[in-house]
Amino acid sequence: MTDDRIPLAALEHGTPFADRHVGPAPAELARMLDVIGVGSLEELGRSAVPDAIREDDLQLALPEPATEAAALAELRELARRCHPHTEMIGLGYYGTTTPPVILRNVLENPAWYTAYTPYQPEISQGRLEALLNFQTMVADLAGMQVANASMLDEATAAAEGMTLVRRAGKSKSPRFLVDADTFPQTVAVIQTRAEPLGIEVVVADLSEGLPEGEFFGALLSYPGASGAVRDHEAIIAEAHERGAKVVVAADLLALTLLRAPGEIGADVVVGSTQRFGVPMGFGGPHAGFMAVAKGLERQLPGRLVGVSVDADGNKAYRLALQTREQHIRREKATSNICTAQVLLAVVASMYAVYHGPAGLRAIATRAHRMAAVLAEQLRRGGVEVLHREFFDTIVAKVPGRADEVVAAARRGGINLRRVDADHVGVSCDETTTRAHLATVWQAFGVDGLDVDELDAQTADALPAALRRTSEYLTHPVFHTHHSETSLLRYLRQLSDKDIALDRSMIPLGSCTMKLNATAEMEPITWPEFGSLHPFAPAQDAEGLLSLVADLETWLAEVTGYDAVSLQPNAGSQGEFAGLLAIRAYHRSRGETGRDVCLIPASAHGTNAASAVMAGMRVIVVRCDDQGNIELDHLRELVAEHADDLAAIMITYPSTHGVYEDTVREVCGLVHDAGGQVYVDGANLNALIGLARMGKFGSDVSHLNLHKTFCIPHGGGGPGVGPIGVREHLAPFLPNHPLQPAAGPATGVGPISAAPWGSASILPISWAYVRMMGADGLRRATLTAVAAANYVARRLNNYFPVLYTGKGGFVAHECILDLRQISKTSGITVDDVAKRLADYGIHAPTMSFPVAGTLMVEPTESENLAELDRFCEAMIAIRAEIDKVVAGQWPADDNPLVGAPHTAACLAQDWDHAYSREEAAYPLGTGAPKVWPPVRRIDGARGDRNLVCSCPPLDAYQS
Ligand SMILES: *Cc1c(COP(=O)(O)O)cnc(C)c1O
């Protein structure tokens, strides 16, 4: 035995996960700290973070870090404690089969899930095409002019439909009618949204005709929650005559068989695409959708992909009509929706691409036949079935026996819907089998018959007048990729056009594109989590609810708050929930007049949009030329609004990427005037382990788990935007009408359709915290701050850093000011961003929060080589700009204004002032190369001539 042996105990646990998550190795970090001019990460923390908020001895009470293997074993155990039944509950969530080729190559593929929102269209053509397919699919099936990509869920889409028709219509009435046969969670979310806006929601049985009096809009379901398929044409016509617009909540699968809502007069169509191959996941995430009639497209909330052309005249996609979005329009925005559900929209669109119209029709018909046969045999057995005309869902009347029937079905492994003591609902779907029908019949005490025999004797239950005759999905993309090989290659061909985190760092300020570790991602496609219906009995989800409880506790610990709600399914929704809590708190104390929300000029656009949704008046607080809140102006405003101040909404660290050292003072001023403090915590990446909002004066915050806590960006969603609150606001957290355990009885109502929002992706953040532990999280924060300061120091001489805080440090991001450079050279931030694509690097955030600047957030996950690759590209670009300034290259013919360069453009005749090599290989041919698939895209042209679905078939035939 020798003395230099290594003890077993030291070898047992392998490499700590934090060493995998954090990019820079110790020697690299030392070099970074050297450039920054500090001796250690701890010194950096003490120097950069203001004393007023820094908690030097903070030891977060989190479990000791687990290895990847150990965390996965714990997750397996949590999954084992989930017991998904065959879910026939319906209410907008249905069994579906994710085609394995889509599961592996989209949902489990980092080329798709780590991509960013396609704001840089030239390197996002793949996901933009997939989203255009999504829009085409929705618009076609709904029979509408334009569909967006996408909404957060069906219930919020319906609520957005309500506010859209209010904006777009002429009626001054505050009344909005909701048909009683609507999903209860949709009704409840609409009520949550309506109340602060002074909209009066009238729930009534509209099949009996429209009520007396004026109303600005109505919501009809097609099919209804009871499964009934009604002909809404006459009622829509009457609503139109009475000056109102109509929103129809529809099921896309049903629309393959039913007349399109657009053909019966709908103004807006909303719904969910969950059953197009997206697992139920205990409530989410799934892509909601919204489609509108001609003339309403500019009112549409959310993101819209449009067709335009690039500099060489080739077809190219990009986001259209962006000026409607909240980041531009702020308090005048049409909606606060920002992050949506892109990854799930891609899955749903590919499901339609793979099955094609005939395949979808077959799936729908099969679900319908199952329901028809199910109803027929119940009737024969003496059970009353409420409706004669339905698609996939029936409601049976069993006086006093509903509990008994539901319990019997559960014993057979099936969850049914208990409507009330006398009624049971049953929904069929793609996964329903003959054996399921037999179990259901048995639960009702009806003897089963051979399904095929019954089938032969049972007519369809679809109303003849509502049979679909119009075509849909006629575009070639829905007819080409029906073999797995073809779809596999299509998916690869698309993702190869894009830059995601699997190809380059994505240094996006205010977005935190950090590692989405594989171990964190693995559990989200486990069937134990994926197959749970959100309204299944809570005991079915025991393991997942235990994970929810852990995560709530850990997030409360990390933020210093007393209670957390995980329900909001994006940051924007968290903002709305937090502001509603503030509003309800003031009201509970009789201070109903407090409705002013102060928001600094630099705030993220969602802040102002959310405040308006919460019924508040937005007043802007000025920022000084250092980018900090102007305290004198704040004092003035607070004094002026002492009686009606509801809240201040600030971002910390500020959107300028600095730790403002006046934050405690700001909180104090507002509290003294009776207001509440909302700290936008989307950028918690600069705070975890160093300071806690709940302890430095804030009352409520949202966090973005899709930024700081490793949920991947998905190309623009999904997200999770939980809120943390101090004790006095805890009674006003969101709750849910179908799940009392999801929030306090005194809560503000549901913010999302599902009780725990996008529950199935919470294992990602759980695994991150579980594997990092308190020290790992703190190290991640400090490394992120180091990386930002390293980039700031390296680039400051080439592109001046606009704002710094205490000691000349930035927080976790830095703003590079190009305005002077642009003035002297004519080269814009756009040119630089597009040129980075030629270097194979994703551009930083452009012109937010300051026009003419780039905001860089490198995160802790990038190693020194990648940080340097970015810095060297930026320095090389600066040298290119200098050549333009020096006249070596003409202002209108240089690699910057010509960027990005496609392989095809190099193959053409070349008569430019710069060489092909300079265009395509600025750092030499040895550097890794990404070929952008299109040249610079003309966005304005696409907005003037709006095309938001796949061009029709004849465009290809001509
Ligand atoms: C990203 C972000 C938001 C919006 O979050 P979404 O999930 O996109 O709705 C709000 N505030 C700040 C500061 C952000 O960075």
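Residues numbered from 1 in each chain as written. Predicted model: local features only at pLDDT ≥ 70, side-chain atom pairs only at ≥ 80, totals over all residues. Heavy atoms only, no water.

K.L.:
Would you take a moment to explain the pattern of salt bridges for this structure?
P.N.:
Where charged atoms from two side chains of opposite charge approach closely, those side chains can pair. As enumerated under the stated definition, the model contains 49 salt bridges in all. Between Asp181 and Arg230 there is a salt bridge; the shortest N-O distance is 3.5 Å. Here Asp181, found in the loop between β3 (175-179) and α10 (184-197), pairs with Arg230, found in the loop between β5 (217-222) and α11 (233-241); they are 49 residues apart in sequence, far enough to count as distant. By relative accessible area, Asp181 is classed as buried at 13%. Accessibility expressed as a relative area gives 25% for Arg230, which makes it partly exposed. For the salt bridge of Asp699 with Arg726, the shortest nitrogen-to-oxygen distance reads 3.2 Å. Of this pair, Asp699 sits in the loop between α26 (693-696) and β21 (700-703) while Arg726 is found in the loop between β22 (723-725) and α27 (762-795), placing the two residues 27 residues apart along the sequence. Overall, the relative accessible area of 29% leaves Arg726 in the partly exposed class. Via salt bridges that share partners, Asp51, Arg54, Asp56 and Lys806 belong to a single interconnected network. (Salt bridge = Lys/Arg side-chain N within 4 Å of Asp/Glu carboxyl O. Helix = DSSP H or I, 4+ residues; strand = E, 2+ residues; numbered from the N terminus. Buried < 20%, exposed > 50% of the residue type's maximum accessible area, 1.4 Å probe, protein only.)

K.L.:
I tried to follow the pairing of strand β10 (residues 315-319) on my own but got confused; where do I start?
P.N.:
Where a strand is regular, its side chains alternate between the two sheet faces. Burial of β10 is extensive: four of the five residues sit out of reach of the surface. Adjacent in sequence and paired antiparallel, strand β9 (residues 305-309) and β10 are bridged by five residues, among which Gly313 carries a positive phi angle near 85 degrees. (Pairing = 2+ DSSP bridges.)

K.L.:
Mind showing me how you'd approach the nonpolar core here?
P.N.:
Looking at soluble globular proteins, one finds that nonpolar side chains tend to be buried together. Within the largest apolar cluster, 222 residues are counted, with the highest numbers of intra-cluster contacts made by Met137, Phe276, Met350, Leu598, Tyr659 and Phe709. Counting residues per element, this core draws most heavily on α27, which supplies 20 residues. One finds Phe176, Ala249, Ala320 and Ile337 within the second-largest nonpolar core, a separate group that totals 45 residues. (Core = buried A, V, L, I, M, F, W, Y, C linked by side-chain atoms within 4.5 Å.)

K.L.:
Would you take a moment to explain empty space enclosed by the protein for this structure?
P.N.:
Sizing a probe to match a water molecule and rolling it over the atoms shows the empty space that remains. If you walk through the whole model with that rule in mind, you get eight cavities of 30 Å³ or more. Lining the largest cavity are 25 residues, and of these Gly92, Tyr94, Glu154, Phe183 and Asp251 sit closest to its centre. Those elements that place two or more of their residues in the lining of the largest cavity are β5 and β6 (245-250). Taken together, the residues of the lining of the largest cavity break down into nine nonpolar, twelve polar and four charged. Taken together, domain 2 (102-351) and domain 3 (356-460) each give at least three residues to the lining of the largest cavity, which thus spans both. Estimated volume of the second largest cavity: approximately 160 Å³. Around the second largest cavity, the lining is made up of 18 residues, and of these Leu107, Pro285, Leu344, Ile524 and Ile761 lie nearest the centre. Across the lining of the second largest cavity, the residue classes tally to 13 nonpolar, five polar and no charged. Viewed by domain, the lining of the second largest cavity spans two of them, domain 2 (102-351) and domain 4 (559-757), each represented by three or more residues. (1 Å grid on protein atoms, 1.4 Å probe; cavity = no way out; pocket = protein on both sides within 12 Å on 5 of 7 lines; lining within 4 Å. Points joined across faces, edges and corners; volume = space filled by probe spheres on them. Nonpolar A, V, L, I, M, F, W, Y, C, P; charged D, E, K, R; others polar. Domains from an automatic or database assignment.)

K.L.:
Explain the packing of aromatic side chains here, please?
P.N.:
Both the distance between ring centres and the angle between the ring planes are used here to describe each pair of aromatic rings. For the coordinates displayed, the defined rule picks out 14 aromatic pairs. With centroids separated by 6.1 Å and ring planes inclined at 20 degrees, the aromatic side chains of Trp526 and Phe529 adopt a geometry described as stacked. Comparing Trp526 with Phe529, the two get one shared label, buried. Measuring from ring centre to ring centre gives 6.2 Å for Phe709 and Tyr768, while their planes differ by 80 degrees; the resulting arrangement is edge-to-face. Here Tyr768 lies in helix α27 and Phe709 lies in the loop between β21 and β22, a separation of 59 residues in the sequence. Ring-pair connections join several aromatic residues into one group, and the members of that group are Tyr652, Tyr659 and Phe696. Lying over the aromatic face of Trp526, Arg76 brings its terminal NZ or CZ to 3.9 Å of the ring centre. (Phe/Tyr/Trp six-rings, centres within 6.5 Å; stacked < 30°, edge-to-face > 60°. Lys NZ or Arg CZ within 6 Å of the ring centre and 35° of its normal.)

K.L.:
I tried to follow the UniProt feature "modified residue: N6-(pyridoxal phosphate)lysine" (unreviewed entry) in the protein on my own but got confused; where do I start?
P.N.:
When the UniProt feature table is mapped to this numbering, "modified residue: N6-(pyridoxal phosphate)lysine" (unreviewed entry) covers Lys707. Mapped onto the secondary structure, Lys707 falls in the loop between β21 and β22. Judged by its relative accessible area of 7%, Lys707 falls in the buried class. When sequence neighbours within four positions are dropped, the list of residues in contact with Lys707 reads Ser510, Cys511, Thr512, Lys514 and Ala682. (UniProt positions renumbered as here; feature names shortened; annotations may be inferred. Contact = heavy atoms within 4.5 Å.)

K.L.:
Please explain the domain arrangement of the protein as it appears in this structure.
P.N.:
Frequently, the measure chosen for interface size is the accessible area removed from exposure when the parts meet. When cut into domains, the protein gives domain 1 (14-48 + 763-885), domain 2 (102-351), domain 3 (356-460) and domain 4 (559-757). Between the C-alpha centres of domain 1 and domain 2 the distance comes to 37 Å. At the junction of the two partners, domain 1 supplies seven residues and domain 2 supplies five residues. Summing the contributions of domain 1 and of domain 2, the shared interface buries around 490 Å²; its carbon and sulfur component is 58%. Together, Lys834, Ala837 and His842 form the three largest contributors to the area buried by domain 1 at its contact with domain 2, with a combined 75%. (Buried area = accessible area lost by both parts, 1.4 Å probe.)

K.L.:
What is the right way to look at unusual backbone geometry in this model?
P.N.:
The phi angle of most residues is negative, glycine excepted, and most peptide bonds adopt the trans form. Cis geometry is adopted by the peptide bond preceding Pro223, which originates at Tyr222 and carries an omega value of -5 degrees. Secondary-structure assignment places Pro223 in the loop between β5 and α11. Residue Pro653 is reached from Tyr652 by a cis peptide bond, and omega for that bond is -10 degrees. Topologically, Pro653 is positioned in the loop between β19 (645-651) and α25 (663-672). Unusually for a residue other than glycine, Cys710 sits at a positive phi of about 75 degrees. Taking the relative accessible area as the measure of exposure, Cys710 reaches 0% and is therefore buried.

K.L.:
How do you make sense of the environment of Thr182 when you look at a structure like this?
P.N.:
Positionally, Thr182 belongs in the loop between β3 and α10. Looking at Thr182, the relative accessible area reads 6%, which means it is buried. Ignoring sequence-local partners within four residues, the contact set of Thr182 consists of Val187, Leu219, Ser221 and Ala225. Only 2.6 Å separates the side chain of Thr182 from the backbone oxygen of Asp179, close enough to count as a polar contact. (Polar contact = N/O pair within 3.5 Å; in protein donor to acceptor, adjacent residues only side chain to side chain.)

K.L.:
Please clarify how the side chain of Ser495 should be interpreted in this entry.
P.N.:
Assignment of secondary structure puts Ser495 in helix α18 (residues 484-495). Not counting chain neighbours up to four residues away, the residues in contact with Ser495 comprise Ala111 and Trp112.

K.L.:
Any chance you could explain the sheet that holds strand β4 (residues 200-204) here in plain terms?
P.N.:
Read across the sheet, seven strands follow the order β2-β8-β7-β6-β5-β3-β4 without closing on themselves; strand pairing throughout is mixed. The outermost strands of the open sheet, each flanked by one partner alone, are β2 (146-147) and β4. Two elements, β2 and strand β8 (residues 288-292), share two bridges in a ladder whose sense is antiparallel. Residue pairing for β8: Ala147 is matched across the bridge by Ala291. Along the sheet, helix α8 (residues 125-142) makes contact with β2, β7 (268-272) and β8, crossing β8 at roughly 60 degrees. (Axes fitted to C-alpha atoms, helices over the stretch in contact; angles between N-to-C directions.)

K.L.:
Before we go on, may I ask you to explain the site of the ligand in this structure?
P.N.:
Residues in close proximity to the ligand total 17 residues, the closest being Thr339, Ser510, Asp680, His706 and Lys707. Here His706 contributes a side-chain N or O atom positioned 2.7 Å from an oxygen atom of the ligand. Contact between the ligand and Lys707: an oxygen atom at 2.7 Å from a side-chain N or O atom of the residue. For the ligand, the protein covers 99% of the area, taking 380 Å² as the surface of the free molecule. Looking at the shell around the ligand, its residues break down into three nonpolar, eleven polar and three charged. (Near = heavy atom within 4 Å. Areas by Shrake-Rupley, 256 points an atom, 1.4 Å probe, with all protein chains shown as cover.)

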